[in-house]
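# Per-entry structural report
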Amino acid sequence: MKCSRAIAAAPVVLAACSGPLSTLDPGGDVARDIARLWWGMLAGAVLITVFVLVLLALGFGRPRAALQRHWIYGLGLWFSMAVLAVVLGAGLWVGERIVPRDDGAVTVRAHAVQWGWHFTHDGADGRPVTDTRTLHIPAGQPVDILVTSQDVIHSFWVPQLAGKMDAIPGRVNRLRVQADRAGRFDGLCAEFCGLGHAAMRFDVRAHDVWPPAVADRTIQEGHP
Amino acid sequence: MNDTVQHDAQDLPPNAPRRALRLHRELARVWANDRGVWGQVTAVSHTTLGLRFMATAFVFFAIGGILSMLIRAQLATRQGAFLDTDLYNQIFTMHGSIMMFLFAIPMLEGLGIWLLPKLLGTRDMAFPRLTALGYWCYLFGGLIMLTALLFGVAPRDGWFMYTPLSGATYSPGINADVWLLGVTFVEISAVAAAVEITVTILRQRAPGMKLTEMPLFAWYMLGTSAMMLVGFPPLIAGSVLLEVERAFGWPFFDPLRGGDPLLWQHLFWLFGHPEVYIIFLPAAGAMSTIIPVMCRTPILGYGAIVAAILGLVFLSFGLWVHHMFTVGIPHLALAFFSAASVLVAVPTAVQVFAWIGTIWKGRPELHLPMLHILGFFLTFVMGGLTGVMLAIVPFNWQAHDTAFVTAHLHYVLIGGFVFPMMAAVTYWMPLITGKARVKGVGEAASG
Ligand SMILES: [Cu+2]
Ligand SMILES: [Cu+2]
């Protein structure tokens, strides 16, 4: 039963590696760093799983001496701590690379409500421009999104551009995203927020020219 | 040889065999349940109540399982046309809540209550009436939630009940109140069980049984009950605060009036993370008991396993924030909780390798419980490794709130709880029923 499920799941798993909502089809440096971290951890986890299951299978033989020195200290303590130290170190290194920092990055606001988004950026004339369907960002540079909510907790997530950041009423959180090229990306609300949660999708449009011209934006609006 | 015994016993007062039997019968009568239905209601015996806890938990397990099938049916339907959204929200909320609060916790309490006095060599738990109180609280809380489900007013804000969504403004109606009341009753039941499990293990061991020599299962239950005593009060407190906010408008979680929605998350996960180990430890205790028997050898590293239990108990309270990596906490603070979260894998690894070492040391036989134990290894290793991945902050930012987490927790809970419980049930069933099982049926089921 287990085998048949695994075989049935294989195409689904592979199909999930690309597409507009895939974290493994990164559209910028932030998401790419995280995707690499995942592939590294996946490879390690596969090796460890095989290793443990082989050890288990080898246990089904004639009785052998099993020393605490090997099993408890060697495998249980040192092996696991060594692996964990490497993973933790890699995680912290990637984390430090992608957190927002004070480097004058363009800032855009994302305001969540039940069940939709208001996105605001500074227009060419310096006045704020608000859009309810599409988040506009500049391409090829880091962008900080200031995320907040009006009612319940939502979560801002554009899988191809970065991890997620919760939109919490009464707080403003900062998330750094980056798109390599101009183009469209898909975003969604990632925190269960009630009846309309599943429909809380949005578009992201990365522009080469920033701030985007009005005409450029209206074309986008016409897009279903 | 008989002569020497008689000779040595000459100085003792005579003790006629017939009198001993009568005394035994009298004692058995004192400890037995009263007759009839009323006798079942007033029962305080740990055997009766432990089994009743487990039987009731299995009923809830079946109900939760049916709900999970409805969830799968909904997800398999194009456009999710099978259930309407409101009903679907109720069903996935109830699936999680039932499995956590009405199956897993009562199941492990039942196993502990049923088994501990038998292992420790005492007649009953320290406070038999508290056992009964715990059972009735559990049943009452569970029935509140089931009734609400039948009438279509079940909780629908997710099993984690995040505020402000679960507050009065965004969840009018009694749905959320049902959760808060029902779960609080079950939590009271759990705290009652934790108190008496702790006292029973510390005070009622058979004469001469040192803490350092007691069966490992008792160490596991001691760790579990210590965690329950510290971990459950935050959720009870959180539930009371939320109910007071909902019923009387005190703004604990309302940011507009000076409250903080994250307070709920801290209280919930301060319970919710240790909860994972509260569920895992008794199951691991069953593993540490059954594996040596299946392999006909003593366990490898008794002392190391006890140290691992104590380490888990301590560490499990320092990592609840890994459920909150995306709420906007600074990276340096996240690094601390990330380190604590990967560190907790070490005691778990110690146990897994101690079990495999025991299998190497002994002569493993594939009796039915051992098949379920193999199921544990196949599932739990992957559950544990995905857990380490989720403890890594940047990856968590991507994987948090996705099916990856759902899959991880099901691997951990099915591998780390359901399979060991199946092993435990098949292992101890002859002791429960007094009968040998029908050959082949269980093997077919576990395959
Ligand atoms: Cu939302
Ligand atoms: Cu946790």
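Residues numbered from 1 in each chain as written. Chains lettered and ligands numbered in written order. Predicted model: local features only at pLDDT ≥ 70, side-chain atom pairs only at ≥ 80, totals over all residues. Heavy atoms only, no water.

## Examining the domain arrangement of chain A
Residue and element names in this part refer to chain A.
- Domain boundaries in chain A define domain 1 (2–98) and domain 2 (106–216).
- Put simply, the middle of domain 1 and the middle of domain 2, counted by C-alpha atoms, are 32 Å apart.
- Each partner contributes residues to the interface: domain 1 has 15 residues there, and domain 2 has 15 residues.
- Ranking the residues of domain 1 by area buried against domain 2 places Leu21, Gly27 and Val30 at the top, with a combined share of 45%.
- Inspection of the region where domain 1 meets domain 2 yields one salt bridge.
- With a shortest N-O distance of 2.6 Å, Arg32 and Asp180 are connected by a salt bridge.
- Summed over the shared surface of domain 1 and domain 2, the number is four residue pairs in polar contact (both at pLDDT 80 or more).
- At five residues, helix H2 (residues 29–58) tops the list of elements feeding residues into the side of domain 1 that touches domain 2.
- When grouped by side-chain class, the residues that make up the side of domain 1 that touches domain 2 number seven nonpolar, five polar and three charged. (Domains from an automatic or database assignment. Contact = heavy atoms within 4.5 Å. Buried area = accessible area lost by both parts, 1.4 Å probe. Salt bridge = Lys/Arg side-chain N within 4 Å of Asp/Glu carboxyl O. Polar contact = N/O pair within 3.5 Å; in protein donor to acceptor, adjacent residues only side chain to side chain. Helix = DSSP H or I, 4+ residues; strand = E, 2+ residues; numbered from the N terminus. Nonpolar A, V, L, I, M, F, W, Y, C, P; charged D, E, K, R; others polar.)

## Structural notes on the environment of Tyr220 of chain B
Residue and element names in this part refer to chain B.
- Among the structural elements, Tyr220 can be located in helix H8 (residues 216–248).
- Here Tyr220 falls in the buried class, since its relative accessible area comes to 0%.
- In this structure the C-alpha to C-alpha distance between Tyr220 and Ile309, which are 89 residues apart in sequence, comes to 6.6 Å.
- Each residue touching Tyr220, except ones within four places of it in the same chain, is listed here: Leu281, Ala284, Gly285, Ser288, Ile305, Ile309, Gln351 and Trp355. (Buried < 20%, exposed > 50% of the residue type's maximum accessible area, 1.4 Å probe, protein only.)

## Quick word on the domain arrangement of chain B
Residue and element names in this part refer to chain B.
- Split into domains, chain B comes out as domain 1 (44–259) and domain 2 (283–447).
- Residue-level contacts link 25 residues of domain 1 with 26 residues of domain 2.
- Summing the contributions of domain 1 and of domain 2, the shared interface buries around 2000 Å²; its carbon and sulfur component is 85%.
- In this assembly, domain 1 and domain 2 are joined by zero salt bridges.
- In this structure, the connection of domain 1 to domain 2 is made through five residue pairs in polar contact (both at pLDDT 80 or more).
- Contributions of two or more residues to the side of domain 1 that touches domain 2 are made by helix H4 (46–76), helix H5 (85–120) and H8.
- Ranked by the residues each element gives to the side of domain 1 that touches domain 2, the list is headed by H5, at nine residues.
- Taken together, the residues of the side of domain 1 that touches domain 2 break down into 20 nonpolar, four polar and one charged.

## Remarks on the coordination of the copper ion (ligand 2)
Residues and elements named next belong to chain B.
- At the metal site, the copper ion (ligand 2) is ligated by His273 (ND1), His322 (NE2) and His323 (NE2), and these contacts range over 1.6 to 2.1 Å.
- When the donors of the copper ion (ligand 2) are listed by position in the chain, the intervening gaps give H-x48-H-H. Of the two residues, His273 is situated in helix H9 (residues 261–295) and His322 in the loop between helix H10 (302–315) and helix H11 (331–343); the sequence distance between them amounts to 49 residues. His322 shares its class with His273; the two are buried. (Donors = N, O, S within 2.8 Å, 3.2 Å for Na, K, Ca; no water.)

## Overview of the sheet that holds strand E7 (residues 165–167) of chain A
Residue and element names in this part refer to chain A.
- The five strands are arranged E4-E10-E9-E6-E7 in an open sheet whose pairing can be described as mixed. The outermost strands of the open sheet, each flanked by one partner alone, are strand E4 (134–138) and E7. Each strand axis lies, on average, 30 degrees off the axis of its neighbour in the sheet, ignoring direction.
- Summarising the sheet, E4 and strand E10 (residues 201–207) pair through five bridges and their orientation is parallel. The partner of His136 across the bridge, within E10, is Arg205. (Pairing = 2+ DSSP bridges. Axes fitted to C-alpha atoms, helices over the stretch in contact; angles between N-to-C directions.)

## Observations concerning H5 of chain B
Residue and element names in this part refer to chain B.
- Across its 36 residues, H5 extends 50 Å between first and last C-alpha, which sits within 8% of the 52 Å expected from 1.5 Å per residue.
- Where H5 bends most, the angle comes to about 35 degrees, and this point is Ile98.
- The buried fraction of H5 is high, at 30 of 36 residues.
- Following H5 by one or two positions, Gly121 adopts a phi angle in the positive range, close to 75 degrees. (Expected span 1.5 Å × (residues − 1). Bend = angle between axes of the 7 residues up to and from the residue.)

## Comments concerning the packing of H11 of chain B against helix H12 (residues 345–361) of chain B
All names here are of chain B.
- Contact geometry of H11 with H12 gives a least axis separation of 5 Å together with a crossing angle of 10 degrees. In terms of orientation, H11 and H12 fall into the roughly parallel class. Contacts from Ser341, Val342 and Leu343 of H11 reach H12 at Ala345, Val346 and Pro347.
- In the contact of H11 with H12, the residues fall into five nonpolar, one polar and no charged. (Parallel < 35°, antiparallel > 145°, perpendicular 65-115°, else oblique.)

## Quick look at the coordination of the copper ion (ligand 1)
All names here are of chain A.
- Protein ligation of the copper ion (ligand 1) involves His154 (ND1), Cys189 (SG), Cys193 (SG) and Met200 (SD), the donor distances falling in the range 2.0 to 2.5 Å.
- Its four donor atoms give the copper ion (ligand 1) angles of 91 to 125 degrees at the centre, a pattern that matches the tetrahedral case.
- Taken in chain order, the donor set of the copper ion (ligand 1) reads H-x34-C-x3-C-x6-M. Pair check on accessibility: Cys189 and Cys193 agree, each one buried. (Tetrahedral: all angles 85-135°; square planar, octahedral: opposite > 155°, others 65-115°.)

## Observations regarding the interface of chain B and chain A
- Contact residues are listed per partner, giving 65 residues for chain B and 66 residues for chain A.
- When chain B packs against chain A, close to 5600 Å² is buried across both sides, 76% of that on carbon and sulfur atoms.
- Summed over the three residues of chain B that lose the most area to chain A, namely Phe353, Trp360 and Gln398 of chain B, the buried surface amounts to 16% of that side.
- At the surface where chain B touches chain A, the tally comes to one salt bridge.
- Across the salt bridge formed by Asp260 of chain B and Arg171 of chain A, the nearest N and O atoms sit 2.5 Å from each other.
- Between chain B and chain A we count 12 residue pairs in polar contact (both at pLDDT 80 or more) in total.
- Among the elements of the structure, H5, H9, H11, H12, helix H13 (368–390), helix H14 (393–399) and helix H15 (403–433) of chain B are those that each provide at least two residues to the side of chain B that touches chain A.
- Of the residues contributing to the side of chain B that touches chain A, the split by class is 42 nonpolar, 16 polar and seven charged.

## Looking at H9 of chain B
All names here are of chain B.
- If you check H9, its first and last C-alpha atoms are 51 Å apart, about what 35 residues at 1.5 Å a residue would give, namely 51 Å.
- Remark: the principal bend of H9, roughly 30 degrees, maps to Trp269.
- Of all 35 residues in H9, 29 are buried, a share of seventy percent or more.
- If you check the start of H9, you find a side-chain oxygen 2.8 Å away from the backbone N of Leu262, and it comes from Asp260.

## Quick look at the packing of H2 of chain A against helix H3 (residues 68–98) of chain A
Residue and element names in this part refer to chain A.
- The contact between H2 and H3 brings their axes to 9 Å, and the two run at 170 degrees. Taken together, the axes of H2 and H3 lie roughly antiparallel to each other. Within the contact between the two elements, H2 uses Val30, Asp33, Ile34, Leu37, Met41, Ile48, Phe51 and Leu55 and H3 uses Trp71, Leu75, Phe79, Val83, Val87, Ala90, Gly91, Val94, Arg97 and Ile98.

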